[in-house]
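# Notes for the structure review
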Amino acid sequence: MKNHEYQQIDPQALVTPTPTPPPRPLPEHKPRRARRRWEVFPGKNRFCCDGRMIAARQSGVLPLTLGLILLTSGLFFIFDCPFLVKHLTSCIPAIGGVLFVFVIISLLQTSFTDPGILPRATPEEAADIEKQIDNPTGSSSSYRPPPRTKEVVINQQVVKLKYCFTCKIFRPPRTSHCSLCDNCVERFDHHCPWVGNCVGKRNYRFFYTFIISLSFLTAFIFGCVTTHLTLRSQGGNGLVFALQASPASALELVVCFFSVWSILGLSGFHTYLVATNLTTNEDIKGSWSGKSGNEDVGNPYSYNSIIKNCCSVLCGPMPPSLIDRRGFVPSDDSVQTSPVEIELPAAKNDINMVGRAVTSGRPLPRPPVITLQQPAISIQSHSTA
Amino acid sequence: MTTELFLHNLQELRHSASLANKVFIQRDYTDGTVCKFQTKFPSELESRIERTLFEDTVKTLNNYYAEAEKIGGQSYLEGCLACLTIYLIFLCIETRYEKVLKNISRYIQEQNEKVYAPRGLLITDPIQRGMRVVSLQSLQTSVCVCECMWSVEAACSSEAVVSPP
């Protein structure tokens, strides 16, 4: 077999059959458009305006939310406001206008702001964490905690930090992984389909402003439409006449009546959460309510003062976005070839070319430094806790 | 023979590369969700830098982050003003947090120039790692490892060609 191969070796004859000539001077010589980081973002998100705006990939019912708000408000301004201005006061459209602007802007901000996404760990960080999990320093030999959790004491409370297999990090306290967006989000509240985005640390205040202003707007429109219909049905005309005179008001009445209860309820619930410095996620899971029977469990993040809790949640400093959306991806990240596999098949066929290449110092594809660490990563395969 | 030589070189490189591995200073969550890094001195840096210098750097960074996240008069004013303008003011002005982050970048650059580069180390700004870690890497050995790998693989490929399959 080996004789057969050696006889076949002929530099001139074998250069042509190979589809890709091995001695490529540089791996990627043609100029490639520099890509921005949002284009290679691993989570399930959608980006607009060249990475300036971010939303979940599934927009949920955001178009419905926007449509309902615009339709109801539009009908209100067109059909109810002229009558009310004539019979009552011109403050009504002014107040309605301000509330409407508040609602729309805060809705768009909630939908298109980064909720506090944590970027995934780099391969070196992931390897470092794997090493620490296998060789825990200072752990007693008698009891070993289940792998992939870490315990921290915060304000005399024991908090368990879980390891995220997707993002390869130990999640900070109050952080949760959203399966719809496939991202870890800091101070994760919930994924809201009505706004088409997660609600987290960075956009909670926009979300709260949205639901409060929407409650006011819905209640305001409901009140104004009721007043409008009442005024029209006065003088012996009756409600049916009023509805016939202004059919749009009937539609507004129905929409507002059904939505005001749920929105008011949601506002009340979130006001409670803000006052106690809780997230929806923690409240639903009962993390601090002591459901396990342990009476000493309490919220370690609360300041034990309603005003201070409200101020810290709503008026606290605005944290920066941790994902670099508009930065450029470094060009050498795109070369991920394994050098040995490329070289050997060509080398088998052509002694002279490779031999010449080695002695002349032809640049081989540069191996990534990380290759030394890769065997360490592949060994670890623990079962999940 | 070839494989043994390759593995032997690889083991030598692994030993020297253990110093070239990045050292990661993880977050300290004992004070809650505020940004704070552990001041525990990593054993890998024992021969590279003095303990006090390292701890000073981490403590200063922690102070900067505490200042950025402080809830006090200025943050309330900023928050209330932002609320009244439906948070559109964030599009126009630079928040206090962003100003402090710029100071932090400047501080890290200064520390790298004055303290860490003379000792062959480099600190990476935590914001570039999503505020998860402060990473320290060795300047010189990472370059050496690349060159060694290069020559080992060149030797391998030439030996693999000569010996028949």
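As the structure is a computational prediction, the values presented were derived from the model and not from experiment. (Residues numbered from 1 in each chain as written. Chains lettered and ligands numbered in written order. Predicted model: local features only at pLDDT ≥ 70, side-chain atom pairs only at ≥ 80, totals over all residues. Heavy atoms only, no water.)

### A short note on the overall build of chain A
Each helix and strand counted, chain A has 13 helices and 10 strands in total. Counting contacts in chain A only where the partners sit at least 6 residues apart, residues at least 24 apart contribute 67% of the total. When the accessible surface of chain A is summed, it comes to about 20700 Å², and 62% of that surface belongs to carbon and sulfur atoms. (Helix = DSSP H or I, 4+ residues; strand = E, 2+ residues; numbered from the N terminus. Contact = heavy atoms within 4.5 Å. Areas by Shrake-Rupley, 256 points an atom, 1.4 Å probe, with all protein chains shown as cover.)

### Comments concerning the domain arrangement of chain B
All names here are of chain B. Per the domain assignment, the segments making up chain B are domain 1 (22-71) and domain 2 (74-138). Using C-alpha coordinates to define each centre, domain 1 is positioned 15 Å away from domain 2. Counting residues at the interface gives 25 residues for domain 1 and 28 residues for domain 2. Looking at the side of domain 1 facing domain 2, the largest losses of area belong to Arg48, Tyr64 and Tyr65, adding up to 23% of the total buried there. Secondary-structure elements contributing two or more residues to the side of domain 1 that touches domain 2 are strand S1 (23-26) and helix H2 (51-68). Counting residues per element, the side of domain 1 that touches domain 2 draws most heavily on H2, which supplies 10 residues. Among the residues forming the side of domain 1 that touches domain 2, the class breakdown is 14 nonpolar, 3 polar and 8 charged. (Domains from an automatic or database assignment. Buried area = accessible area lost by both parts, 1.4 Å probe. Nonpolar A, V, L, I, M, F, W, Y, C, P; charged D, E, K, R; others polar.)

### Re the sheet that holds strand S6 (residues 169-170) of chain A
Strand pairing in a sheet takes place through backbone hydrogen bonds and is either antiparallel or parallel in direction. Residues and elements named next belong to chain A. An order of S4-S5-S6 is seen for the 3 strands of this open sheet, with the pairing classed as antiparallel. The sheet is open, and its two edges are formed by strand S4 (149-154) and S6, each paired on a single side. Here 2 bridges tie strand S5 (residues 157-164) to S6, and the two strands are oriented antiparallel to one another. From the neighbouring strand, Tyr163 faces S6, where its bridge partner is Phe170. (Pairing = 2+ DSSP bridges.)

### Comments concerning the side chain of A:Ser321
Residue and element names in this part refer to chain A. Counting through the fold element by element, Ser321 comes out in the loop between helix H10 (306-314) and helix H11 (339-349). Among the polar contacts made by the side chain of Ser321, one reaches the side chain of Asp114 at a distance of 2.5 Å. A polar contact of 3.5 Å, which involves the side chain of Ser321, links it to the backbone oxygen of Ile323. Dropping the residues within four chain positions of it, Ser321 is found in contact with Asp114 and Arg202. (Polar contact = N/O pair within 3.5 Å; in protein donor to acceptor, adjacent residues only side chain to side chain.)

### Observations regarding the packing of helix H4 (residues 91-112) of chain A against helix H6 (residues 204-232) of chain A
Residues and elements named next belong to chain A. Axis separation between H4 and H6 bottoms out at 8 Å; the angle between their running directions is 150 degrees. As far as their axial angle goes, H6 and H4 are roughly antiparallel. Crossing geometry of H4 relative to H6 is assigned as left-handed. Taking contact as the criterion, the partners of Ile92, Ile95, Gly96, Leu99, Phe100, Phe102, Val103, Ser106, Leu107, Gln109 and Thr110 in H4 are, on H6, Phe206, Phe207, Thr209, Phe210, Ser213, Leu214, Phe216, Leu217, Phe220 and Cys224. Grouping the amino acids of the contact of H4 with H6 by side-chain chemistry returns 15 nonpolar, 6 polar and no charged. (Axes fitted to C-alpha atoms, helices over the stretch in contact; angles between N-to-C directions. Parallel < 35°, antiparallel > 145°, perpendicular 65-115°, else oblique. Left-handed = near helix turned anticlockwise from the far one by under 90°.)

### Let's talk about the UniProt feature "domain: Palmitoyltransferase DHHC" (unreviewed entry) in chain A
Residues given the UniProt feature "domain: Palmitoyltransferase DHHC" (unreviewed entry) here are residues 160-285 of chain A. The span residues 160-285 of chain A shows a helical share of 57% and a strand share of 15%, and its end C-alpha atoms are spaced 14 Å apart. (UniProt positions renumbered as here; feature names shortened; annotations may be inferred.)

### What about the packing of H2(B) against helix H5 (residues 96-116) of chain B?
Between two packed helices, what matters for the description is the angle formed by their axes and the separation of those axes. Residues and elements named next belong to chain B. Look at H2 against H5: their axes get within 9 Å of each other, and the N-to-C directions meet at 170 degrees. Classed by the angle they form, the pair H2 and H5 counts as roughly antiparallel. On H5, the residues that touch Leu53, Phe54, Asp56, Thr57, Thr60, Leu61, Tyr64, Tyr65, Glu67 and Ala68 of H2 are Arg96, Tyr97, Val100, Leu101, Asn103, Ile104, Tyr107, Ile108, Gln111, Val115 and Tyr116. Among the residues forming the contact of H2 with H5, the class breakdown is 14 nonpolar, 4 polar and 3 charged.

### A closer look at the pattern of salt bridges
Applying the stated rule across the entire model yields 11 salt bridges over all chains. Across the pair B:Arg132 and A:Glu125 runs a salt bridge, and its minimum N-O distance is 2.9 Å. One end of the pair, B:Arg132, is in the loop between strand S2 (121-124) and strand S3 (133-138); the other, A:Glu125, is in helix H5 (residues 123-134), on a second chain. As far as burial versus exposure is concerned, B:Arg132 and A:Glu125 are alike and both buried. B:Glu110 is the partner of B:Lys114 in a salt bridge, and the nearest nitrogen-oxygen pair spans 3.7 Å. Taken together, the residues span about one helical turn, with B:Lys114 and B:Glu110 both in helix H5 at a distance of 4 residues. When salt bridges that share partners are traced, they join B:Asp28, B:Asp31 and B:Lys36 into one network. (Salt bridge = Lys/Arg side-chain N within 4 Å of Asp/Glu carboxyl O. Buried < 20%, exposed > 50% of the residue type's maximum accessible area, 1.4 Å probe, protein only.)

### Focus: helix H8 (residues 247-276) of chain A
Residues and elements named next belong to chain A. With 30 residues, H8 should cover 44 Å at 1.5 Å per step; its first-to-last C-alpha distance of 44 Å lies within 8% of that length. By the largest-angle criterion, Val260 marks the main kink of H8, which is about 35 degrees. Those residues of H8 that fall on the buried side of the exposure criterion are Ala248, Ser249, Glu252, Cys256, Val260, Ile263, Ser267, His270, Leu273, Val274 and Ala275. Looking at the buried side of H8, the elements it contacts are helix H3 (62-87), strand S9 (190-192), H6, helix H9 (280-285) and H10. (Expected span 1.5 Å × (residues − 1). Bend = angle between axes of the 7 residues up to and from the residue.)

### Some thoughts on the sheet that holds strand S7 (residues 176-178) of chain A
Residue and element names in this part refer to chain A. Taken in spatial order, the 3 strands of this open sheet run S3-S8-S7, and their pairing is antiparallel. Taken across any chain shown, the strands that pair with only one partner, and hence form the sheet edges, are strand S3 (117-118) and S7. Bridge count between S7 and strand S8 (residues 183-185): 3 bridges; the pairing is antiparallel. If you follow His177 over to S8, its bridge partner there is Cys184.

### Examining the nonpolar core
Counting residues in each nonpolar core, the largest one holds 41 residues, and the members touching the most others are A:Ile69, A:Phe76, A:Tyr204, A:Phe210 and A:Leu214. It is H6(A) that contributes the most residues to this core, 12 residues altogether. In terms of domain composition, this core takes at least three residues from each of domain 1 (58-118 + 190-315) and domain 2 (124-171) of chain A. In contact with A:Tyr204, other than residues within four places in its own chain, are A:Arg187, A:Asp189, A:Val199, A:His270, A:Leu273, A:Val274 and A:Val313. Ranked by size, the runner-up nonpolar core spans 32 residues in total, among them A:Leu118, B:Ile49, B:Ala68 and B:Tyr116. (Core = buried A, V, L, I, M, F, W, Y, C linked by side-chain atoms within 4.5 Å.)

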